[in-house]
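Letter by letter, the chains look like this.
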Amino acid sequence: MSLSVAVLMDPIGAIKPAKDTSLAMLLEAQRRGHALHYMEQGDLALRDGVPWARLRPLAVRDDAHDWFSLGEAQWRDLRELDVVLMRKDPPVDAQFIYDTMVLEAAQRGGVNVVNDPRALRDCNEKLFALQFPQCCAPTLVSRDPAELRRFVAEHGEAVLKPLDGMGGRGIFRVKAGDSNLNSMLETLLAGGPHGEGRHFAIAQKFIPAISAGDKRILLIDGEPVPYALARIPQGDEFRGNLAAGGRGEGVPLSERDRWIAAQVAPELRKRGLRFVGLDVIGDWLTEINVTSPTCARELDAQFGLNIAGLLFDALEKTAP
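Just so it is clear, the structure is predicted and the values come from calculations on it, not from any experiment.

The rules we used
- Residues numbered from 1 in each chain as written.
- Predicted model: local features only at pLDDT ≥ 70, side-chain atom pairs only at ≥ 80, totals over all residues.
- Heavy atoms only, no water.
- Helix = DSSP H or I, 4+ residues; strand = E, 2+ residues; numbered from the N terminus.
- Buried < 20%, exposed > 50% of the residue type's maximum accessible area, 1.4 Å probe, protein only.
- Lys, Arg positive; Asp, Glu negative; His and termini not counted.
- Salt bridge = Lys/Arg side-chain N within 4 Å of Asp/Glu carboxyl O.
- Polar contact = N/O pair within 3.5 Å; in protein donor to acceptor, adjacent residues only side chain to side chain.
- 1 Å grid on protein atoms, 1.4 Å probe; cavity = no way out; pocket = protein on both sides within 12 Å on 5 of 7 lines; lining within 4 Å.
- Points joined across faces, edges and corners; volume = space filled by probe spheres on them.
- Nonpolar A, V, L, I, M, F, W, Y, C, P; charged D, E, K, R; others polar.
- Pairing = 2+ DSSP bridges.
- Axes fitted to C-alpha atoms, helices over the stretch in contact; angles between N-to-C directions.

1. Considering the side chain of Arg87
Turning to its location among the elements, Arg87 is positioned in the loop between strand 7 (83-86) and helix 2 (94-108). At 5.8 Å, Asp20 is the nearest oppositely charged side chain to Arg87, a buried residue that forms no salt bridge. Here Ser22 takes part through its side chain, which lies 2.8 Å from a polar atom of the side chain of Arg87. Only 2.8 Å separates the side chain of Arg87 from the backbone oxygen of Pro293, close enough to count as a polar contact.

In structure tokens:
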């Protein structure tokens, strides 16, 4: 079976090939004989309601210095494709939302868009986790600085973060009574002249088990890969994100990890979220990553896996 597979991603020339999960997917697709096409955000269009894209033929290589080649760009009806991998990194801003609307038109035309465009709009990576409160540590989402201060005082120590961040950016660890708390809240809430917040912020009870790592659990059609990547903070840094200097160490899933995955899986399948990353600290789910989950290459290297192969096994089973 040969499929036409397009990827929408950030500039491929700027990725770190040894760690990039999108590249792992493209390498696997090419290995299976699928035709690859490349596009970025500026390459989408709607013509009289028909989804179009300026596509470039793509060839990829597992080479740290020379990992891709692009052919000449050509505008095509997206409905001619079989699969579109939507791998654009956050933020999920207005332009990202508009992209999902074009991709939804392609989906209506029979294209398998991964992940589902509507789910990408609906499932904020931090708020979506709160649909499973039995899996989560105490959490408050608010624009009200007084309520957020009250939450920190109640729990003694908390982590504050924005709704639209990634890679550990904009995250603060704070203790009750910290003289910097008001300044942190002003930064996160983008407060107005009377102290009201214009942006939501999240406060989560601090989980000391972060010292053992922030585990990334990858799921394909709701089924978890049997190993997680524990992203362990280094030095005096409390964030485990690899982008913030965390060290990635593969670990087998615990029984609690598997229970969390089982709690979330039915909703993932229902929404067409076929490739998802759960973030788990200790016993608690903290985020559900749906836009461009990573860590596949690290797990592949440590355990001899082929996670992209599992994804394409699933995609080929559902191909028309």
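2. Observations regarding the layout of surface pockets
The calculated volume of the second largest pocket comes to roughly 200 Å³. In terms of lining, the second largest pocket is formed by Asn124, Arg143, Pro162, Leu163, Asp164, Leu188, Arg198, His199 and Phe200. Residues of the lining of the second largest pocket, tallied by class, amount to 4 nonpolar, 2 polar and 3 charged.

3. What to know about the sheet that holds strand 12 (residues 201-205)
If you trace the 4 strands from one edge of the open sheet to the other, you get 9-12-10-11, paired in antiparallel fashion. Only two strands of the sheet have a single neighbouring strand rather than two, namely strand 9 (139-142) and strand 11 (172-175). Each strand axis lies, on average, 25° off the axis of its neighbour in the sheet, ignoring direction. Pairing geometry for strand 9 and strand 12, over 4 bridges, is antiparallel. Bridged to Ser142 within strand 12 is Ala201.

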